[in-house]
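# Examination of the molecular architecture
So you can see what is in the structure, the chains are spelled out below.
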Amino acid sequence: MNTVIRRLFLVNALIWIVSLAPASAQAVKNSGHGMAIPGLILQDASDTDKRKEFLEEILKLLPRDLTNNGHVSFLDKAFKDWLARTGELPPDFDKMPSIPYLPNPLILDEGRKNIPISSMKQWAEKRRWMKRDLQYYITGTFPPVPENLQAKVLSEKRDGDVTIRQVELTFGPDGKAKMTLELMIPVGKGPFPTFMTQWEHKEWAQIAVRRGYIGCIYAGCDLKDDTENYSEIWAGKYDFSRLMRRAYGASRVIDYLLTLPLINKKQIGIAGHSRNGKQSLWAAAFDERIGAVISSSGGTGGEVPFRYSRHKYGCEDIALLSCAQPSWFHPRLRFFTGRENKLPVDQNLFMALVAPRGLMLSSSRRESDGNPWGIEQAYDSTLKVYKFLGALPNYVSMRLRDGKHGTSTRDIEDYVDFFDYIFGRSNHKPVNEQLYSYSFEQWTRISGEKINPVNYPVREGSDLLIESGGKNIHSIKEWIDKKTQIQKTLMWILGDEPPKVANPGPLNFKNSENRGEDYYGNFIARPEATLRMGRVNLSPGSPGDSKPGSGFGDFLYGYLYYPKQQEEKMRDGTAKLPVIIYLHKYDYSQGFFDNQGLDHDKLPFIEALVDQGYAVLMYDMTGFGNRIEEGTRFYQRYPHWSKMGKCVTDLEGAVDALENLNFIDSTRISVLGYSLGATVGLYGAALDNRIASVVSVCGFTPMRTDTREKGTEGIKAYSHLNGLLPKLGFFVGHENRIPYDFDEILAAVAPRPLLVIAPVLDEDATVQDVSSCITQAKGVYQLYGVPKNIQMDTPSDYNRFSEVMQKKVLQWFKNNYGQ
């Protein structure tokens, strides 16, 4: 027996043993107040008041349930009904460990003892824990394998050489549960591999039949759903959500398939798209008879982890998705809205449960519900498990197509290719082309950069009005001398910008009337002009154009929105519009504008800015949206620069173009950013005095205090995770030696108006530290005699750019600067 087979044998044996333990899903019992799972840490009764406060806070922030899309359970129409019936409260988040990065499937007791897994016994224990907690927080519990499964052939006919057989399964209490399936059986003796999918993906299965598979579709989807009444049949005993009910139905289909001699029992693959991608992944995680699974564009709850579906990533976050689709996930998941770092589990643990079987994560690079960067983080985490188990190469695959949400024949043929490879029917290996292959360690090898943090002095705090020699600063001139040193430090951390040639931009309105991104094949929806809001495209010139390019910076595309009523004056150059550069969040798939709806919708806000008389410029930053591929080999091309440096340079290019536009007031160029955009805006404004005012929403927390003890991502978010500022990676564990911090960045903006919005519940920031930062910077504003020019707002909210925050920004612009 070779090493791989021996390891897999031991894992399966241990999993079988621990499955008999009392804490298994099958032994979960109804406590009368929701489902109590043995082994989970119960909350202390003394925490009740605090947990009630958490609940009130959460309920204020959640949107209403769209119950037309489904009820929370058979017993509960909406989330509030479930709360009233069960009496459940959120956990005491203060007592839960913070896990800001993806949970590590190869760690036991993460956030507490952090025991590395090194044996198959430990791995079996972790598998048991993952199955239990994924049910508790995400899927809900489900019944054991029924012992009364019955099958009845409803019809059978020939379609050419293929036999079409419809079967109805019954099972469960009094045989009330049913599942309809259809088999498409090719000619031959078999046994055949099986391509299993949901009823609405019948055409997928038809392609598989051409490739020698039995096609199997089952009624566990929106088009035909036999699983909906499972919630009634098992009400009060098991609380599985709609998607888990469908996954449970898929397992009952496999019960039947394994009774057929025509079926190759070791070659059953399942695939699904969108919400069916989610259920397919869940089914494979809990049913080891599935030999391979493909989650196709499953989005949040599928390939995209909840931690990387937050507002700042432009995806369907927990609040949006769980309330828009109340039946899909267990209601307990909503407790973690805005506190995803406290969620003990995440989607990568479903993937880890599939290991070492075949797993493909397939999505589009630019679909609105996706996050290709987040998928890669999950893939990297899962790959470590496959390597630990000694799985064969490419058994876990990541496939990122171009285009939108839908699939075509090219995709399904690739899916069948993957099953062929996993089942040993082909040697054609799947390609794992990563768009975000950066790592800090790789960068250090490429760049050869070395920084010893102990060569930098410890900075426990900073008084901005003291020079490096200890002398107090009493004048603006003395402060400007210090500001110059701060700017040099910022340029050092941003890296060595290569020589550039300035791009003057379009200069006038006529040159701005140009082709946009669609000219080269844009898939991303951009806001169109409206009756009140016009749009011009800042687009580079292309071969064959009869007029000069009207882009900006280094061959960049942008969109400038403006008040329609000002268009005539803009054309003749007599208008002098103030302008706001809106810098986007970490929206890898969509760039500057996502269209998720609900509280993600920023179009009304942009229109409101335009209604106040502003022009608004928006564009994708490097590595995002239509510039994804541009960021893939960035450090191979510019090893001593940084992506943050490139973002700041692009902002400078945008200011160049706006400053030269004859209908823009060059003295009123402002920057507004959320999340990443806020950070870039602050760096840019600290280095470019032409930026007249800045609004930062969820843009920072001080780096010297952003340590592991705070439970945030820390400076590794810049240096290791997103690859924006690699040099900061040398200061991990030595944060108090970082040679600059955000108080200095804010002070370098002085005396220009600056608004910082820092939500109290931002899991990436410590609001007290941000406030201290503002206090420090205010001393410099006081030196200029304008202390009111720096303002801070701390809404009781989580990391998002909410409607309340938007109204605050609109009022701030109206009161403090511009129109």
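The structure under discussion appears in the preceding block.
Residues numbered from 1 in each chain as written. Predicted model: local features only at pLDDT ≥ 70, side-chain atom pairs only at ≥ 80, totals over all residues. Heavy atoms only, no water.

### Re the overall build of the protein chain
Note the cut-off: Each helix is a run of H or I in the DSSP string that is no shorter than four residues. Each strand is a run of E no shorter than two, and both are numbered from the N terminus. Atoms counted for the radius of gyration: C-alpha only. Globule rule: 2.2 Å times residue count to the power 0.38. A contact between two residues is defined here by any heavy atoms of the two lying within 4.5 Å. The method behind every accessible area is Shrake-Rupley, applied with a 1.4 Å probe, and residues are considered shielded solely by the protein chains displayed. In this count, Lys and Arg are taken as positive residues and Asp and Glu as negative ones, while His and the chain termini are left out. The atoms used to mark charge sites are NZ of Lys, CZ of Arg, CG of Asp and CD of Glu.
Tallying secondary structure elements over the protein chain gives 25 helices and 21 strands in all. Here the protein chain has a C-alpha radius of gyration of 28 Å; the compact-globule value for 819 residues is 28 Å, and the two agree. For the protein chain, the C-alpha atoms occupy an extent of roughly 85 × 65 × 50 Å along the three principal directions. Considering only intrachain contacts with a sequence separation of at least 6, the fraction spanning at least 24 residues in the protein chain is 73%. About 31500 Å² of surface is accessible on the protein chain, with carbon and sulfur atoms providing 51% of the total. Averaging the locations of the 100 positively and 97 negatively charged side chains of the protein chain gives two centres separated by 3 Å.

### Regarding the side chain of Ser-322
Cut-off, in case you're wondering: Polar contacts, as used here, are pairs of N or O atoms within 3.5 Å; protein pairs need one atom able to donate a hydrogen and one able to accept it. Residues neighboring in sequence count only if both atoms are side-chain atoms.
Structurally, Ser-322 can be placed in helix 9 (residues 318–324). Engagement of the side chain of Ser-322 in a polar contact is seen with the backbone oxygen of Ile-318, the distance being 2.5 Å.

### Structural notes on the packing of aromatic side chains
Under the convention used in this document: In summary, the pairing rule links any two rings of Phe, Tyr or Trp, Trp by its six-membered ring, whose centres are within 6.5 Å, and it sorts them by plane angle into stacked for under 30 degrees, edge-to-face for over 60 and tilted for everything else. Only protein chains enter the area calculation, which uses a 1.4 Å probe; residues under 20% of their type maximum are buried, those over 50% are exposed, and those in between are partly exposed.
Taken as a whole and assessed by the stated rule, the structure comprises 57 aromatic pairs. Considering the side-chain rings of Trp-373 and Tyr-588, the 5.1 Å spacing of their centres and the 10° angle between planes classify their relative orientation as stacked. Of this pair, Trp-373 sits in helix 11 (residues 372–388) while Tyr-588 is found in the loop between strand 16 (577–583) and helix 17 (603–611), placing the two residues 215 residues apart along the sequence. With a relative accessible area of 4%, Tyr-588 lands in the buried category.

### Considering helix 13 (residues 440–447)
Along an α-helix, residues three or four positions apart point the same way, because every turn accommodates 3.6 residues. The cut-off we apply is this: Our arc is simply the arc of the directions from the helix axis toward the C-beta atoms.
Every buried residue belonging to helix 13 is among Phe-440, Trp-443 and Ser-447, and all of these are buried. One face of helix 13 carries all of its buried residues, which in axial projection span an arc of 55°. Of the surrounding secondary structure, the elements contacted by the buried residues of helix 13 are helix 19 (634–637) and helix 22 (716–721). In the segment just after helix 13, Gly-448 is the residue with positive phi, at about 70°.

### Some thoughts on the pairing of strand 8 (residues 192–198)
The condition that has to hold: Here, a strand pair is defined by DSSP locating no fewer than two bridges between the strands. With the strands aimed away from the viewer, a crossover counts as right-handed if its path from the first strand over the helix to the second runs clockwise.
Here strand 8 lies mainly inside the structure; seven of its seven residues are buried. Sheet topology note: the strand 8/strand 10 (residues 263–273) ladder contains four bridges and is parallel. Paired with Thr-194 across the strands is Ile-268, a residue of strand 10. Pairing geometry for strand 8 and strand 9 (residues 214–218), over five bridges, is parallel. Bridged to Thr-197 within strand 9 is Ile-217. As a crossover connection, the stretch from strand 8 through helix 5 (residues 202–210) into strand 9 is right-handed.

### A short note on the nonpolar core
Worth spelling out the cut-off: Buried residues of nine kinds, namely Ala, Val, Leu, Ile, Met, Phe, Trp, Tyr and Cys, make up a nonpolar core once their side-chain atoms join them within 4.5 Å.
Residues Ile-138, Met-196, Leu-560, Ile-581, Tyr-683 and Tyr-740 are the most contacted members of the largest nonpolar core, which totals 218 residues. Of all the elements, helix 7 (residues 242–257) adds the most residues to this core, at nine residues. Contact partners of Tyr-740, with chain neighbours within four places excluded, come to Thr-489, Leu-490, Ile-493, Tyr-683, Met-703, Arg-704, Leu-725, Leu-728 and Ile-745. Of all hydrophobic cores here, the second largest spans 27 residues; its members include Phe-592, Phe-593, Leu-609 and Phe-801.

### Looking at empty space enclosed by the protein
Basically, it comes down to this: Definitions used for this entry: grid spacing 1 Å over protein atoms alone; cavity, a set of points where a 1.4 Å probe fits but cannot get out; pocket, an open set with protein on both sides within 12 Å along at least 5 of 7 lines; lining residue, one with an atom within 4 Å of a point. Grid points are joined across faces, edges and corners, and a volume is the space filled by probe spheres set on the points. All residues other than Ala, Val, Leu, Ile, Met, Phe, Trp, Tyr, Cys, Pro, Asp, Glu, Lys and Arg, Gly among them, are scored as polar; the first ten of these are nonpolar and the last four charged.
Per the counting criterion, the structure on display carries seven cavities of 30 Å³ or more. The space that makes up the largest cavity amounts to roughly 260 Å³. At the level of elements, helix 21 (676–687) and helix 22 are the ones that each hand at least two residues to the lining of the largest cavity. Looking at the lining of the largest cavity residue by residue, the classes come out as 10 nonpolar, seven polar and five charged. When its volume is computed, the second largest cavity comes out at roughly 90 Å³.

### Re unusual backbone geometry
Here the bond from Ala-355 into Pro-356 is cis, since omega is 5°, no more than 30 degrees from zero. Positionally, Pro-356 belongs in the loop between helix 10 (347–354) and strand 12 (358–364). Looking along the chain, the bond that leaves Ala-750 and enters Pro-751 is cis, with omega of 5°. A positive phi angle is found at Ser-675, which is not glycine, with a value near 60°. With respect to the secondary-structure elements, Ser-675 resides in the loop between strand 18 (664–674) and helix 21.

### Structural notes on the sheet that holds strand 17 (residues 615–618)
Selection rule: Every axis in this analysis is a line fitted to C-alpha atoms, fitted for helices over the stretch in contact. Angles between the N-to-C directions lie between 0 and 180 degrees.
Strand order across the open sheet formed by eight strands is 14-15-17-16-18-19-20-21, with mixed pairing between neighbours. Of all strands in the sheet, those with a lone pairing partner are strand 14 (533–538) and strand 21 (790–793), marking the two edges. Pairs of neighbouring strands in the sheet enclose a mean axial angle of 20°, with direction left out of account. Of the strand pairs in this sheet, strand 16 and strand 17 are connected by four bridges, and their pairing is parallel. Bridging across to strand 17, Ile-580 finds its partner in Val-616.

### Examining the side chain of Asp-688
Relative to the helices and strands, Asp-688 is located in the loop between helix 21 and strand 19 (691–697). The exposure class assigned to Asp-688 is buried, which follows from its relative accessible area of 11%. Within the local environment of Asp-688, its side chain forms a polar contact with the side chain of Arg-690, the two groups lying 2.9 Å apart. With residues near it in sequence (within four places) discarded, Asp-688 still touches Glu-652, Val-655 and Arg-752.

### Remarks on helix 2 (residues 48–61)
Put simply, the rule reads: Working rule for helices: expected span equals 1.5 Å times residues minus one.
The first and last C-alpha atoms of helix 2 sit 20 Å apart over 14 residues, in line with the 20 Å expected at 1.5 Å per residue. Every buried residue of helix 2 is accounted for by Arg-51, Phe-54, Leu-55, Glu-57, Ile-58 and Leu-61. The buried residues of helix 2 occupy one face: seen down the axis, they fall within an arc of 165°. In helix 2, the exposed residues that point more than 90 degrees away from the buried face are Asp-49, Glu-53 and Lys-60. At its buried positions, helix 2 is contacted by helix 3 (79–86).

### Notes on the environment of Asp-741
Turning to its location among the elements, Asp-741 is positioned in the loop between helix 22 and helix 23 (742–749). Residue Asp-741 is classed as buried on the basis of its relative accessible area of 4%. For the pair formed by Asp-741 and Met-703, sequence separation is 38 residues and the distance between their alpha carbons is 6.1 Å. Setting aside chain neighbours within four positions, we find Asp-741 in contact with Pro-702, Met-703 and Arg-704. Only 2.8 Å separates the side chain of Asp-741 from the backbone nitrogen of Met-703, close enough to count as a polar contact.

### Details of the pairing of strand 14
The buried fraction of strand 14 amounts to five of the six residues, a majority that puts the element mostly inside the structure. With six bridges joining them, strand 14 and strand 15 (residues 558–563) adopt antiparallel strand pairing. By the bridge assignment, Arg-535 is partnered in strand 15 with Tyr-561.

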